[in-house]
Amino acid sequence: MSDLTDGKINISKGMINNLCRSFAQKTESQRKEIFCDMLLSPVMHTDCTNARVNGESSYVFVCAVPDGGVLYFARGKKGHDGIKGTVVEDYQGNTDPRS
């Protein structure tokens, strides 16, 4: 940020960490509401992509519904262990985009 703004904005690692924590706390109720709404959607699109966290392999599960709701879940594993705690774990609708 400092280079992009000619030194006008200097953000420390601690500040970035606090921003992430603050954002998570302030959006908790909205994320829970989206989660519940997604469970009721007749169709949900899901995908998993690789990511690196502190040099280690991780995975990001993306869950999206046609009305615009999207949630991202960071996980250390793929497969059945990876979907635990995500919308996919309890979803009863259609996850096949061809249907």
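As shown above, the structure is provided for reference.
The residue count restarts for each chain, going from 1 along the sequence in the order it is written. At least 70 in pLDDT is required for a residue's local features to be given in this predicted model, at least 80 for side-chain atom pairs to be given and counted, and no such filter applies to totals for whole chains, interfaces and linings, which use all residues. Only hydrogens and water are set aside when side-chain values are computed; all heavy atoms of the structure are taken into account.

Thoughts on the overall build of the protein
We apply this condition: Numbering of helices and strands runs from the N terminus, with a helix taken as a DSSP run of H or I at least four residues long and a strand as a DSSP run of E at least two residues long. Throughout, the radius of gyration refers to the C-alpha atoms, and the reference size of a globule is 2.2 Å times the residue count to the power 0.38. Only protein chains enter the accessibility calculation, which uses a 1.4 Å probe. A residue is then buried if its area is under 20% of the maximum for its type, exposed if over 50%, and partly exposed in between. Note on definitions: a residue-residue contact is assigned when non-hydrogen atoms from the two residues lie within 4.5 Å. Note that accessible areas follow from Shrake-Rupley with a 1.4 Å probe, and for residues the cover is restricted to the protein chains shown. Residues scored as charged are limited to Lys and Arg (positive) and Asp and Glu (negative), so that His and the chain ends carry no count. For this purpose, a charge sits on NZ of Lys, CZ of Arg, CG of Asp or CD of Glu.
For the protein, the count of helices and strands is 4 helices and 3 strands. The linear arrangement of helices and strands in the protein, starting from the amino end, is α-α-β-β-β-α-α. Expected size for 99 residues packed as a compact globule is a radius of gyration near 13 Å; at 17 Å, the protein overshoots this value by more than 25%. Overall, the C-alpha framework of the protein stretches about 50 × 30 × 25 Å when taken along its three principal axes. Taken across its 99 residues, the protein has 19% of its residues classed as buried. For the protein, contacts bridging at least 24 residues in sequence account for 37% of all contacts bridging at least 6. Accessible surface, the protein as shown: approximately 7600 Å² in total, 53% of it carbon and sulfur. Within the protein, the 12 negative side-chain charges are centred at a point lying 7 Å from the centre of the 12 positive side-chain charges.

Details of the packing of helix α1 (residues 13-26) against helix α2 (residues 28-40)
Rules: Axes here refer to lines fitted to C-alpha atoms; in helices the fit is confined to the stretch in contact. Angles between the N-to-C directions go from 0 to 180 degrees. Geometric relationships in this document are graded by angle, where less than 35 degrees denotes roughly parallel, more than 145 denotes roughly antiparallel, 65 to 115 denotes roughly perpendicular, and other angles denote oblique. Any residue outside Ala, Val, Leu, Ile, Met, Phe, Trp, Tyr, Cys, Pro, Asp, Glu, Lys and Arg is labelled polar, Gly included; the first ten of those are nonpolar and the last four are charged.
Between α1 and α2, whose axes approach to 4 Å, the crossing angle comes to 55°. It follows that α1 is oblique to α2 by the angle criterion. Of the residues in α2, those in contact with A24, Q25 and K26 of α1 are E28, Q30 and R31. In terms of residue class, the contact of α1 with α2 is built from 1 nonpolar, 2 polar and 3 charged.

A closer look at the sheet that holds strand β3 (residues 70-75)
Pairing between the strands of a sheet comes from backbone hydrogen bonds, and it takes one of two forms, parallel or antiparallel. Note the following rule: Note on pairing: two strands pair once DSSP finds at least 2 bridges between them.
Here 3 strands make up an open sheet; going across it, the order is β1-β2-β3 and the pairing antiparallel. Whereas interior strands pair on both sides, the edge strands pair on one side only; in this sheet they are β1 (45-53) and β3. Averaged over all pairs of adjacent strands, the angle between their axes in this sheet comes to 25°, without regard to strand direction. With 6 bridges connecting them, strand β2 (residues 56-64) and β3 associate as antiparallel partners.

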